[in-house]
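Architecture at a glance
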Amino acid sequence: MNAIIVSTLLGVIMMFVSWGTSNTKLQRNIGLVGMLVLILANIAQMNGWLSVNFDTKGMLAFNAIGLYVNTILFTITFIYLWINGEEIDKIGNHTADYYAIFFFILCGISILTSFDNLLMLFIGIEILSIPLYILTGADKKNLFSNEASLKYFLMGSFSTGILLLGIAFIYGATGSFHLNMPILNPATNLPVEHFLMSAGLLLLFVSMNFKVSAAPFHFWTPDVYDGAPTVFTSFMATVVKAAGFVAFIKVFEVQRIALGQNTWIIILPFVIVSTLLVGNITAVFQRSVKRMLAYSSIAQAGFMLFALYGNSTFNNEALILYIVAYSLATIGVFAVLIKMKDYSIESFNGLAKQNPALAFLTTLFLFSLAGIPLTAGFFAKYYMLNAIFTAGAGIWLLVVAILFAAVSVYYYFKVVQAMYFVEGAPAIHPIEKSYARKLWVIAIILLVLGVFPSLLFNYLYF
Amino acid sequence: MLLLSILTIPFIAAIVLLFVKHNEKANYIAIGSSVVIMALAFNIAFNGAANFDADWILSLNARFILTADGLAKILILLTAISFPVIFITTSKNELRNRNQFLALMLFTQTGLLGVFLAGDALLFYFFWELALIPVYFLCSIWGGEKRIAITFKFFIYTFLGSLFMLIGIILVYTNTTDHSFLITSFKHANLTHGQQLAAFALFFTAFAIKMPIFPLHTWQPDAYEQSPTAVTMVLSAVMVKMGLYGIIRWLLPLFPAAAASHANFVIVLSLIGVIYASFIAIRQDDVKRLIAYSSIAHIGLMSAALFTNTSIGMQGVLIQLFSHGINVLGLWIVADIIEQQTGTRSMKALGGLAKKQPTLAILLVGFALANIALPLTNAFVGEFLIFNAIFQFNPWMGAFAGVSVVLAAIYTLNMVQKIAYGSVSDATNLMQVPNKSAQFVLMVLLGIVFVTGVYPQVLFNITADTLQQLFVK
């Protein structure tokens, strides 16, 4: 509850900060301090030091994992804002408002990690989405940004409609919005399948797939990610997507039986494999790194969908590690990309000679995305595969996963090759020392988790 | 602690090297650290070393455990001897950013030593990849003209192979009784017959690509040709041994039933590769490619012998792991000296080396004889046992394998004839006396060839315990 209240308050405060001061640096710092306050407030609840709670009649339920995910996502957001603060300034002239928007998004996220009622799921998703439409169109003089925003808004509203319809069906079947409301057979008291329930869950499934950009509901992703200002794409592709996955799992962890166990193990692998296929194969053919990253984020979503396959602590561990590894590496790559004057792969030619440190960092981030050992990305993939195998997936699914992992190496390494092995003069904006230092922080986190991944889970058990 | 220090020294030296811009100093650091490692390796090989065991990833129950038995010792010895030899003989070659080159080489050495020492499957996988990534950069930055595409092919090939192994590891790990990656738990995992076959296939793919076994060998000759010579030496002398090591350490003990039922299949593939590579070697004009194909042939023989499941075959391979490394290293160094001084690798353009540089010619002939496995050379001992094992397994296969000896004699002697004898060609006329250190190193290597050829008991002693574990129940 702390996180929801504090993030809302901070959002409102940020809205009025621009009246008090027009100094963007000050606004930025207020935003960062606000982020720290939010993280602390959440940690306070996690450890039971101080937590504001009131009876929500079972609308929200706070558990250790949800709060921990909050902490992780808030921390990633903090790192994101810390690195990209100056870039955010450059878009439009509403710095403080952007921070307000970020806090509203985080409010949506804290609802999505704690909802216990389908109505709260709906509200959480809306609180999350509407600010995102604004961020996508933030560069209002850029046609692509406008187009992306409109596209995102239309498609997003449509999928929210599907979500609502699904919730309505489920309400019709159970007479409740409560998340865990099985339909019981009066005679045996065991859960039974119900047509309306299954149909409702299927609609929910489609809508959630849309939100996490899984194929075949991914069509909006490349255009929106490509059109949105790069600095916001970085946020959308990481923290927001991760929150979508957490909500996705929360719904289907408890309810998948109602969908029929067989349905689940047919449609989920179908979605996973098609997501991996579309994301990876299309990424291979991209000439623009930004668009390649958009498709790669679809591919990575395919890997994260594996977390839905099983139903064990392994899955939670795997998803948490994956979220951290993927988000940090993606934020890192985007932070480098922002500094490039041109987003084509060729523009990276010869970067290693001109700026060895930056090239090394980019390589490390790409390695983590590709899942090369010594980086967190490797263990993220490992935990994921281990989790689905423990959950009883066939070896074929693992083989498909690693085949696509090998494909992903192909396109990530194209950038590495351009940087190290091709001569050229990359056009980059000047980079301050402090900016590179911030990227090193991400790199070190990725390396440490690449050797000791369990550091991330210690909190959950000890 | 000895085992931990042999891993950390190259790693730390590599990091230090990244900051040493001066070429001479970089050379000294690399050579110095690799000589220290060599001393440690000798100590481990002849006096043994206690296991190193520490917690690593608690939630997965993975441990950082290093052990050195006979198999590991012989390969550590080979790795540790190879690197100083390579550093010394190539120290005069022109390379830009030499410090980075040497640093990446030492990272590779860390990975290789780790692979041979790891007693935990996840750790093994970790080092397996760690050995590959620096090589990717080494070949792509300092390699020949077509380096980028060819190195990438090599990288994707081996990376995909190791991912298959990763699935295999997950498969076995999930079925261990105590959920651990230790090799002992892996041996006692409860696998059904189907699972054992699947795991066998997954592990085997990774090792077969690395060795490589026909028809997965296509990356190799190109990669050898395009890599800078120092890296080619690492690849062919040490890195291919990773595949064989994997088979001896993991594949055979873990899945004995699957290995036995697929023995014919693997041996036939290996032997096809042997004969096929030998024939291609005969047709080569490029010295580097010739040695590359000859190396494929020798590795094929070793993998065939492993699957005969006989103790003499295993003994032969354990010796040959070391001997092949030394011989091929010697050949590469001679070839490199010739290429550096004449600027060509084509045998047509060479000739008359014996008249111009008799010392070098004698060294070349020495290593060539070892390559054919003539008695008194080290390879004779190993290959004799290997042929013996294949013959016992199946006389027809033995006969088929025997053809490779004749073929080896043809291409190796042909090479010697074209390079060393005949009239002095224009290219050979450019040859000068190779530098003292390179000559000294070559003589030491040739010394090893004959000492271990005449008195192989040194090597038998080192590997005795592995053989006992594998074949005396």
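In this numbering scheme, every chain counts its residues from 1 along its sequence in written order. Both sets of labels track the order of writing: A upward for chains, 1 upward for ligands. Given that this is a predicted model, residues contribute local features only at a pLDDT of at least 70 and side-chain atom pairs are listed and counted only at 80 or more, while totals for whole chains, interfaces and linings are drawn from all residues. The side-chain numbers reported here are obtained from all heavy atoms of the structure, hydrogens and water having been left aside.

Structural notes on the overall build of chain A
Each helix is a run of DSSP H or I of at least 4 residues and each strand a run of E of at least 2, with the numbering of both proceeding from the N terminus. Of regular secondary structure, chain A possesses 18 helices and zero strands. Whereas a compact globule of 462 residues would reach a radius of gyration of roughly 23 Å, chain A reaches 21 Å, a difference of no more than 12%. For chain A, long-range pairs separated by at least 24 residues make up 81% of all intrachain contacts whose partners lie at least 6 apart in sequence. Carbon and sulfur atoms form 70% of the exposed surface of chain A, whose accessible area is close to 16,600 Å². The sign given to each residue is positive for Lys and Arg and negative for Asp and Glu; His and the chain ends receive no count. Note that the charge is assigned to NZ on lysines, CZ on arginines, CG on aspartates and CD on glutamates. Averaged over its 22 positive side-chain charges, chain A has a centre that lies 6 Å from the centre of its 18 negative ones. Here the radius of gyration uses the C-alpha set of atoms, whereas the globule reference equals 2.2 Å times the residue count to the power 0.38. Residues are treated as being in contact if the distance between any of their heavy atoms lies within 4.5 Å. Computed with the Shrake-Rupley method and a 1.4 Å probe, the accessible areas treat only the protein chains shown as cover for residues.

Considerations on the packing of helix α3 (residues 64–90) of chain A against helix α4 (residues 95–112) of chain A
Residues and elements named next belong to chain A. Across the interface, α3 lies against α4 with an axial gap of 12 Å and an inter-helix angle of 165°. In terms of their interaxial angle, α3 and α4 are classed as roughly antiparallel. As for how α3 packs across α4, the hand of that crossing is right-handed. Judged by residue contacts, Asn70, Leu73, Phe74, Thr77, Tyr80, Leu81, Gly85, Ile88 and Asp89 of α3 engage Thr95, Tyr98, Tyr99, Phe102, Leu106, Ile109 and Ser110 from α4. Every axis corresponds to a line fitted to the C-alpha atoms, with the helix fit spanning only the stretch in contact, and the corresponding angles, defined between N-to-C directions, vary from 0 to 180 degrees. When an angle is under 35 degrees it counts as roughly parallel; over 145 it counts as roughly antiparallel; between 65 and 115 it counts as roughly perpendicular; any other value is oblique. Take the far helix as your reference; a near helix turned counterclockwise from it by less than a right angle gives a left-handed crossing, and one turned clockwise gives a right-handed crossing.

Remarks on the nonpolar core
Each nonpolar core is a collection of buried residues, namely Ala, Val, Leu, Ile, Met, Phe, Trp, Tyr and Cys, held together in the definition by side-chain atoms within 4.5 Å. Any residue under 20% of the maximum accessible area for its type is buried, any over 50% is exposed, and the rest in between are partly exposed; the area is computed with a 1.4 Å probe on protein chains only. Ranked by size, the top nonpolar core spans 377 residues in total, and within it A:Tyr382 and B:Phe307 carry the most contacts. It is helix α5 (residues 121–142) of chain B that contributes the most residues to this core, 19 residues altogether. Ignoring any residue separated from it by four or fewer positions in sequence, one finds A:Tyr382 in contact with B:Leu60, B:Leu122, B:Leu166, B:Ile170, B:Tyr173 and B:Phe181.

Some thoughts on helix α11 (residues 289–305) of chain A
Compared with an ideal rise of 1.5 Å per residue, which puts 17 residues at 24 Å, α11(A) spans 24 Å between its outermost C-alpha atoms and is within 8% of the ideal. Of the residues flanking the start of α11(A), the one acting as N-cap is A:Ser288, its side-chain oxygen 3.2 Å from the backbone nitrogen of A:Lys290. Helices are assigned an expected span. That span is 1.5 Å times one less than the residue count. In protein, a polar contact means a hydrogen-donor-capable atom and an acceptor-capable atom, both N or O and within 3.5 Å, with residues adjacent in sequence counting only if both atoms are side-chain atoms; elsewhere, any N or O pair within 3.5 Å suffices.

Examining empty space enclosed by the protein
All names here are of chain A. Only protein atoms enter the 1 Å grid used here. Points where a 1.4 Å probe fits but cannot escape make up a cavity, open sets with protein on both sides within 12 Å along at least five of seven lines make up a pocket, and a residue lines them when an atom lies within 4 Å of a point. Grid points are joined across faces, edges and corners, and a volume is the space filled by probe spheres set on the points. Here the structure, examined in full by the defined rule, presents eleven cavities of 30 Å³ or more. What the largest cavity holds in volume is close to 90 Å³. Elements represented by at least two residues in the lining of the largest cavity include exactly α5 (118–136), α7 (195–211) and α9 (230–255). Amino acids are sorted into nonpolar (Ala, Val, Leu, Ile, Met, Phe, Trp, Tyr, Cys and Pro), charged (Asp, Glu, Lys and Arg) and polar (every other residue, Gly among them). The residue makeup of the lining of the largest cavity, split by class, is nine nonpolar, two polar and one charged.

Some words on the pattern of salt bridges
Residue and element names in this part refer to chain B. Salt bridge, as used here: a side-chain nitrogen of Lys or Arg that lies within 4 Å of a carboxyl oxygen of Asp or Glu. This model, assessed by the stated rule, comprises 19 salt bridges over all chains. Linking Asp222 and Arg289 is a salt bridge whose minimum nitrogen-to-oxygen distance equals 3.4 Å. With a gap of 67 residues between them, Asp222 in helix α9 (residues 219–226) and Arg289 in helix α13 (residues 287–306) connect regions that are remote in the sequence. For Asp222, a relative accessible area of 21% corresponds to the partly exposed category.

Quick look at the layout of surface pockets
Residue and element names in this part refer to chain B. Space inside the second largest pocket adds up to approximately 750 Å³. What lines the second largest pocket is a set of 28 residues, and nearest its centre among them are Lys187, Ile248, Pro253, Gln469 and Leu470. Mapped onto the lining of the second largest pocket, the elements with two or more residues apiece are α7 (183–187), α10 (229–254), α11 (256–261) and α21 (457–471). Of the residues assigned to the lining of the second largest pocket, the class counts are 17 nonpolar, seven polar and four charged.

Considerations on the interface of chain B and chain A
Contact with chain B, which involves 32 residues of that partner, is made by 36 residues of chain A. As a working definition, buried area equals the accessible area (1.4 Å probe) given up by two parts on being put together, with both sides summed. Together chain B and chain A conceal approximately 3,200 Å² of surface at their shared face, both sides included; 83% is due to carbon and sulfur atoms. The largest share of the area that chain B buries against chain A comes from B:Phe126, B:Ile167 and B:Ile170, three residues that together contribute 18% of it. Counting the contacts that link chain B with chain A gives zero salt bridges. Connecting chain B to chain A are three residue pairs in polar contact (both at pLDDT 80 or more). Every element with two or more residues in the side of chain B that touches chain A is listed here: β1 (52–57), α5 and α6 (147–174) of chain B. Here the element with the most residues in the side of chain B that touches chain A is α6(B); it accounts for 15 residues. Partitioned by chemical class, the residues of the side of chain B that touches chain A number 27 nonpolar, three polar and two charged.

Let's talk about unusual backbone geometry
Here the residue pair A:Ala215 and A:Pro216 is connected by a cis peptide bond, since its omega of 0° sits within 30 degrees of zero. Of note, the bond from B:Phe214 into B:Pro215 is cis; its omega dihedral lies within 30 degrees of zero at 0°. Counting through the fold element by element, B:Pro215 comes out in the loop between α8 (193–210) and α9. Residues other than glycine seldom take positive phi values, yet A:Ser213 does so here, at roughly 55°. With respect to the element layout, A:Ser213 can be found in the loop between α7 and α8 (220–227). Phi is positive for B:Asn97, which is not a glycine, with a value near 50°. Relative to the helices and strands, B:Asn97 resides in the loop between α3 (70–89) and α4 (98–117).

Quick look at the pairing of β1(B)
Residues and elements named next belong to chain B. Bridge count between β1 and strand β2 (residues 62–66): five bridges; the pairing is antiparallel. Its bridge partner being in β2, Ala54 is matched across the sheet by Phe64. As consecutive antiparallel partners, β1 and β2 are separated by four residues, and within that stretch Asn61 has a phi angle of approximately 65°, a positive value. For two strands to count as paired, DSSP must find a minimum of two bridges between them.

Let's talk about the packing of helix α12 (residues 263–283) of chain B against helix α18 (residues 395–420) of chain B
All names here are of chain B. Between α12 and α18, the shortest axis-to-axis distance is 9 Å and the interhelical angle comes to 20°. As the angle between them shows, α12 and α18 are arranged roughly parallel. As α12 runs across α18, the sense of the crossing is left-handed. Of the residues in α18, those touching α12 at Asn264, Ile267, Val268, Leu271, Ile272, Val274, Ile275, Ser278, Phe279, Ala281 and Ile282 are Met397, Phe400, Ala401, Val403, Ser404, Leu407, Ile410 and Tyr411. Split into classes, the residues belonging to the contact of α12 with α18 amount to 16 nonpolar, three polar and no charged.

Some points on the packing of aromatic side chains
Residue and element names in this part refer to chain A. Between 30 and 60 degrees the pair is tilted, below 30 it is stacked and above 60 it is edge-to-face, where a pair is any two Phe, Tyr or Trp rings, Trp via its six-membered ring, whose centres lie within 6.5 Å. If you walk through the whole model with that rule in mind, you get 67 aromatic pairs over all chains. Between Phe367 and Phe413, the ring centres sit 5.2 Å apart and the planes meet at 10°, which makes this aromatic pair stacked. On the criterion of sequence distance, the pair formed by Phe367 in helix α14 (residues 356–370) and Phe413 in helix α16 (residues 395–421) is long-range, its members being 46 residues apart. According to the relative accessible area criterion, Phe413 is buried, its value standing at 0%. The ring of Phe115 carries the charged tip of Lys250 above its face, separated from the ring centre by 5.6 Å. Looking at Lys339, its charged tip hangs above the ring of Tyr435, at a distance of 4.5 Å from the centre. Counted as over-ring charges are cases with an Arg CZ or a Lys NZ within 6 Å of the ring centre that also lie within 35 degrees of the ring normal.

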